[in-house]
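Residues per chain, in single letters:
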Amino acid sequence: MNKNKKFLVATAVVVIAISFMLFSGFKSEGVYYLTVGEVLHNPEKLNQKGMRVSGEVIAGTITKNTKERHLVFDIVDVEEGGAVMTVDYKGIIPDTFKEEIHVIIEGNYDIENKKFIAKTLLTKCPSKYEVDPEEEAAKG
Amino acid sequence: MLLALITGAGASYFYLTGMRSENKIYDKIGGYFLIAQTAAISVASLILLLALVTSNFKIEYVAQYTDLALPMAYKLSAFWAGQAGSLLFWALLLVLFAIVEMVRLRNSDSRYKSSVLFVISVSSSFFLILTCFVTNPFAELGFTPQDGVGMNPLLQNPGMIYHPPTLFLGYAGFTVPLGHAIASMMTGDGSNLWVKESRGWAIFTWVFLTIGIVLGGQWAYVELGWGGYWAWDPVENASLLPWITGTAYLHSALIYEQRNKLKIWTHTLLMTSFILCIFGTFLTRSGVIDSVHSFGKSSLGAFFVVFMIVSTIAYAIVLFSNIKLYKDPEEKDFHFSSREGMFFIANWLFLGLMVVVLVGTTMPLISQAYYAVMGVFGVVGNKLTVNIPYFNKVSTPFFILILLFAGLAPMAQYGKEIGESFYKKIIPGVIAALASMVIMYVKGYTLPIPLILTGVTTLSLATIITRIAISIKNNGPKVVLTQRRHYGGLLVHIGVVIMAYGIIASSFYNIKDEHVVAPGESFTFGNYEMQVGELTVNQGQNFTSVYAPVTVTENGKKIVTVAPERRFYEKREEAWAEVAIYSKLKGDLYFILASYSKPENYIGIQVVYEPLLVWLWIGCGIMCIGAFYTVTGRRKNA
C-alpha cells in the first residue's frame, strides 16, 4: 500500500470513529437546553431526554427544608414571555441559592403533578463575578 | 488616574507604528516603540495596582472587586480577578515576553526578529484596544462610593493569587512560538530553526498551562465543596482545549526538529492552540454559553471573533504560500509503527479529543445554528446541550489510547517498523498490566472501564520503567544526565500515568455519604468512626465562621480532628461552606458542613472519600519537573 492510500484509510477511520462517538454521545447523553416556556409547551416529547432549563427564582415562593435538603420554588422565564413553573429539588442546596437568583436546573417534567423534578441545581448569579456598583449604591 | 487613561490609550497607538517593525529598516524604530509600549503598559498596571491597594473607589473596577475589609493579597489579586484587569494583565505579559525575545534575538537575522516581535505586538495591541475602548479598567464612576462591593467569597482563596496568573502565562506564552513559526515562513526558511528557537518557550508555556489547569481543579476541589475537581464546565474546557493541542504540538515539534517530518502538522497545531486560547477567552467572556463561571455578558465577543478569523486567515495564507517548504521529501519511508508514526497517531488522538470536547462545549451554539438553518426547510428542534456523562463517555476512549501510546511510543524506533525487539521489551509491561487488572478484579473492583484504564496505565508505567532500566544497563546511569531531553520527556510521561491513577481511582471509586446528627453523636463511614462536636463560632478578618469539629477514628484509633465550616462574609447574605480535607497517600477524606441549626440541635455533615486523589497533584508535579528537566538539557547541549 502506498503512503497516500495509507493516509487516506487512516484519516477515514479516524473521522468515522470520531463522528460515531459524537453521535452516540449526543443520542444518549444530550439534553435539551430550554426556556421555561418551551418546557411547558410540550413536556411529553421533551421528557424523552433530559432537560436543562434556566430561569429566575421568584421571591416568596421558596419552601426550604435544610435538614432534609429539600427545596420547592417557582422559576420564571426572564427573557421570553414570563412563563412560570414549579421546581422540586432534593440534594445539596448551593451556598448562593436565594430569591431572585438565576438558576440552571436539570431533570424532567412531572406532567401529573405539574412540577419540574430537578436532579441538579446550579446557581448563576448575574453578579457572580461582576456586580454593578451603581446599582448596588442605588439599593443601599 | 486621567494620566493612566492617557498612557493606556497612548500605548494602544503604538501598535500601528509597532507594525512597521516588520520592515527591515524600521527594526530599530519598532524596537523603541516596543519599549515605549512596555513602559506604558507597566505604568498603567502599576497605577491600577496602586488604585486597588489604596482602595480608590472612584474607579469602577476597584469598587467592583474590592472593599476596605479585603485582605491585601486579594486586593492585589483583583488585578486579574476581573475582566478589564485580566485583559490588561495579558497585554502586560505579552509585552514583557516581547522584550525578552528582543534581547534574546538581538543577534538574529533582522527580518526573522522583526516578524517574531511583529506577531507579539499585534497580539498585545489587540488586548490594548479592548482595554482602552471596550472595557477600560480605569473607567470612573460618576460618584465616589464609600466602600466597594467586595470580592466574591469563592475567589477569596489562595487559588486566586496563583491560578489565574499561571493560566494567563500559559495563554500568552503560545504567542511567542507562533511568532517564531511565522518568522520562519516570512524568511522562507523551512528548516527546524524556529522550532529549536522557540522550544524553551513552548515548554514554558505548556508547563504553566498544565499548572494553571491543575491548580484550577485543585481550587475547585477545596473551594466549591462538592468533592470533585473537574466538571467539564465550559470554562474548564476552555483551558483544556489549548492544552490538548499544545501537547500535540510539543510532540509534533519534536518530530519536526529531529526527523524533519510532520511539519504542516506542527504549524497547524501551534496555530490551533493559539486560536483556542483566544477562543477560550471569547467563550467565557462573551456570555454566548451559559456557565456557572461566566463573566457578565459583554460586547467583547465580536472583537474576539474578528481577531480569531483575521488571524486564522492570515496564518493560513502565509502557511499555504510556503507549503512547498514543508512537503516531506522522504514520504515513502513512513511507518505507522515507527516512533514518528506513533507520534502521528498521537496527534490524531489529541486532535480527536480536542474536537469532541470542543463540540460538546459549543453544542448549544451548534444545535441552535443547525435548527436556525434547518428551520427554513421546516425542520424544528430544540437547542441541545450535553453534560458531564457525555464528556466522560466520549473522552474515555481517547484517554485509553493516549495512555497506551504514552508508554509504547518511547519503545519504538525512528524510521523503522516495530519488530521482535519491540515486543520483547514490552513483555514486562504487559505482565504488569495484566497483574494489576487481576489484582483489581480480585479485590472487587470489577467495572470494565476502570479495569481497562488501569491496565493501559500500568502497561505504560511499566514500559517506561523498563525502557529506562534497559538504557541504564546498556549505557550506564550517566545517560540519564546526558540525554536530559529524552529522560525529561519520559519523566513527564511517568507524571501523566501517576496522575491517571489518581484520576481513575477518584472518579470511579469515590464514596459519598451524609449524616444529620446531634452534637456529640457519631456515625460510621466505611472503616471510620466520625464523632461530631459542638458548633463553634470564630471571627475572621472580613467574615464570621461557624464550624463543627469532627473527630475521625479508625479501628478505635484516633486519627485526626477536622473542622468543616461555614463562613458569613460581611457583604453577603449567604453562608459559604469551607470544606475540611484530610489528605493521605491512599486517599482524601473530604468534609462539608452541609447544614446545622442551633435551636433544633442538629449538624449535617457530608463526607466524601476520594481514593488516591493526592497522586493527581503529585503526578502534575512530576510532569512539570520532567518538562523543566528537558529544557535544562537543551541549554547544556547548546
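None of these values were measured; they are calculated from a predicted model.

Draft legend 1. Region of interest: helix H4 (residues 72–81) of chain B. Summarising burial for H4(B): seven of the ten residues are buried, a large majority. For H4(B), the set of buried residues is B:Tyr74, B:Lys75, B:Ser77, B:Ala78, B:Phe79, B:Trp80 and B:Ala81.

Draft legend 2. Highlighting the state of the cysteines. Residue and element names in this part refer to chain B. Considering all chains together, one arrives at zero disulfides over all chains under this definition. Free of any disulfide, Cys 277 has its nearest neighbouring cysteine sulfur in Cys 624, separated by 17 Å. Lacking any disulfide linkage, Cys 620 is separated from the closest cysteine sulfur, that of Cys 624, by 4.3 Å. Note on Cys 620: relative accessible area 7%, which makes it buried.

Draft legend 3. A look at the nonpolar core. With 172 residues, the main nonpolar core has A:Met85, A:Phe116 and B:Phe127 as its most contacted residues. Residues in contact with A:Phe116, not counting those within four places in the same chain, are A:Val39, A:Met51, A:Val53, A:Met85, A:Thr86, A:Val87, A:Asp88, A:Ile105, A:Glu106, A:Gly107, A:Asn108 and A:Tyr109. In this structure, B:Leu535, B:Val546, B:Val552 and B:Ile603 belong to the second largest nonpolar core, which totals 22 residues.

Draft legend 4. The arrangement of the packing of helix H5 (residues 83–104) of chain B against helix H7 (residues 158–173) of chain B in detail. Residues and elements named next belong to chain B. Between H5 and H7, whose axes approach to 10 Å, the crossing angle comes to 55 degrees. With respect to H7, the element H5 is oriented oblique. In this structure, H5 crosses over H7, and the sense of that crossing is right-handed. Residues Ser 86, Phe 89, Trp 90, Leu 93, Leu 94 and Phe 97 of H5 touch H7, and the partners they reach there are Pro 165, Phe 168, Leu 169, Tyr 171, Ala 172 and Gly 173. Its residues placed into classes, the contact of H5 with H7 shows ten nonpolar, two polar and no charged.

Draft legend 5. Region of interest: the sheet that holds strand S4 (residues 528–532) of chain B. Residues and elements named next belong to chain B. Taken together, four strands build an open sheet; the order of strands is S3-S4-S7-S8 and the sheet is antiparallel. Two strands in the sheet have a free side with no partner beyond their single neighbour: strand S3 (522–525) and strand S8 (557–562). Put simply, the sheet's adjacent strands are angled 25 degrees from each other on average, direction ignored. Here four bridges tie S3 to S4, and the two strands are oriented antiparallel to one another. Looking across to S4, one finds that Ser 522 is bridged to Gln 531.

Draft legend 6. Examining the environment of A:Glu38 more closely. By the element assignment, A:Glu38 lies in helix H2 (residues 36–41). Separated by 45 residues in the primary sequence, A:Glu38 and A:Ala83 place their C-alpha atoms 8.9 Å from one another.

Draft legend 7. The arrangement of helix H15 (residues 363–374) of chain B in detail. Residues and elements named next belong to chain B. With twelve residues, H15 should cover 16 Å at 1.5 Å per step; its first-to-last C-alpha distance of 16 Å lies within 8% of that length. For H15, the set of buried residues is Met 363, Pro 364 and Ser 367. On an axial view of H15, the arc spanned by its buried residues comes to 100 degrees, and they lie on one face. Opposite the buried face of H15, at more than 90 degrees from it, the exposed residues are Ala 372 and Val 373.

Draft legend 8. Quick look at the side chain of B:Thr362. Among the structural elements, B:Thr362 can be located in the loop between helix H14 (339–361) and H15. Overall, B:Thr362 belongs to the buried group, its relative accessible area being 8%.

Draft legend 9. Up close: the packing of aromatic side chains. Residue and element names in this part refer to chain B. For the coordinates displayed, the defined rule picks out 27 aromatic pairs over all chains. Seen in terms of ring centroids, Phe 126 and Phe 127 are 5.2 Å apart; in terms of plane orientation they differ by 70 degrees. Their pairing is edge-to-face. Taken individually, Phe 126 and Phe 127 each receive the classification buried, so the pair is uniform in this respect. Both rings, one in Trp 265 and one in Phe 344, keep their centres 5.9 Å apart while their planes meet at 90 degrees; by these two values the pair is edge-to-face. Residue Trp 265 is found in helix H11 (residues 263–286), and its partner Phe 344 is found in helix H14; the two are separated by 79 residues along the sequence. Residue Phe 344 is classed as buried on the basis of its relative accessible area, which comes to 4%. Among the aromatic residues, those joined into a ring-pair cluster are Phe 79, Trp 80, Phe 89, Trp 90, Phe 126, Phe 127, Phe 168, Tyr 171, Phe 274 and Phe 307.

Draft legend 10. Representation of the confidence of the model for chain A within the structure. All names here are of chain A. Across chain A, pLDDT averages 73, with 82% of residues at or above 70. Averaged pLDDT values for the elements of chain A fall to 38 in helix H4 (residues 133–139) and rise to 87 in strand S5 (residues 84–90). Across residues 126–140, confidence stays below pLDDT 50; counting only partners more than four residues off in sequence or on other chains, it has 27 contacts.

Draft legend 11. Fine view of the pattern of salt bridges. Residues and elements named next belong to chain B. Scanning all chains against the criterion turns up six salt bridges over all chains. Salt-bridge contacts for Arg 104 lead to Glu 101; the nearest nitrogen and oxygen are separated by 2.9 Å. Here Arg 104 and its partner Glu 101 are both found in helix H5, three residues apart, which amounts to about one turn of the helix. Given the relative accessible area of 36%, Arg 104 is considered partly exposed. Judged by its relative accessible area of 0%, Glu 101 is buried. When the shortest N-O distance is used, the salt bridge between Glu 578 and Arg 567 registers 3.9 Å. Of this pair, Glu 578 sits in strand S10 (residues 575–578) while Arg 567 sits in strand S9 (residues 565–569), and the two are eleven residues apart along the sequence. Classification of Arg 567 by relative accessible area gives buried; the value is 16%. Three or more residues are tied together by salt bridges with common partners; here these are Glu 101, Arg 104 and Glu 197.

Draft legend 12. Spotlight on the pairing of strand S4 (residues 70–76) of chain A. All names here are of chain A. The buried fraction of S4 is high, at five of seven residues. Judged from the two bridges that link them, strand S2 (residues 50–57) and S4 form a sheet pairing that is antiparallel. Across the sheet, residue Val 57 finds its bridge partner in S4, namely Ile 75. Two elements, strand S3 (residues 63–65) and S4, share three bridges in a ladder whose sense is antiparallel. Across the sheet, Thr 63 pairs through a bridge with Val 72, a residue of S4.

Draft legend 13. How the structure looks around the environment of B:Asp233. All names here are of chain B. Its place among the elements puts Asp 233 in the loop between helix H9 (193–223) and helix H10 (234–259). Classification of Asp 233 as buried rests on a relative accessible area of 10%. Measuring from C-alpha to C-alpha, the distance between Asp 233 and Ile 388 comes to 8.2 Å, with 155 residues separating the pair along the chain.

Rules used throughout
- Residues numbered from 1 in each chain as written.
- Chains lettered and ligands numbered in written order.
- Predicted model: local features only at pLDDT ≥ 70, side-chain atom pairs only at ≥ 80, totals over all residues.
- Heavy atoms only, no water.
- Buried < 20%, exposed > 50% of the residue type's maximum accessible area, 1.4 Å probe, protein only.
- Helix = DSSP H or I, 4+ residues; strand = E, 2+ residues; numbered from the N terminus.
- Disulfide = S-S within 2.5 Å.
- Core = buried A, V, L, I, M, F, W, Y, C linked by side-chain atoms within 4.5 Å.
- Contact = heavy atoms within 4.5 Å.
- Axes fitted to C-alpha atoms, helices over the stretch in contact; angles between N-to-C directions.
- Parallel < 35°, antiparallel > 145°, perpendicular 65-115°, else oblique.
- Left-handed = near helix turned anticlockwise from the far one by under 90°.
- Nonpolar A, V, L, I, M, F, W, Y, C, P; charged D, E, K, R; others polar.
- Pairing = 2+ DSSP bridges.
- Expected span 1.5 Å × (residues − 1).
- Arc of directions from axis to C-beta.
- Phe/Tyr/Trp six-rings, centres within 6.5 Å; stacked < 30°, edge-to-face > 60°.
- pLDDT = per-residue confidence, 0-100.
- Salt bridge = Lys/Arg side-chain N within 4 Å of Asp/Glu carboxyl O.

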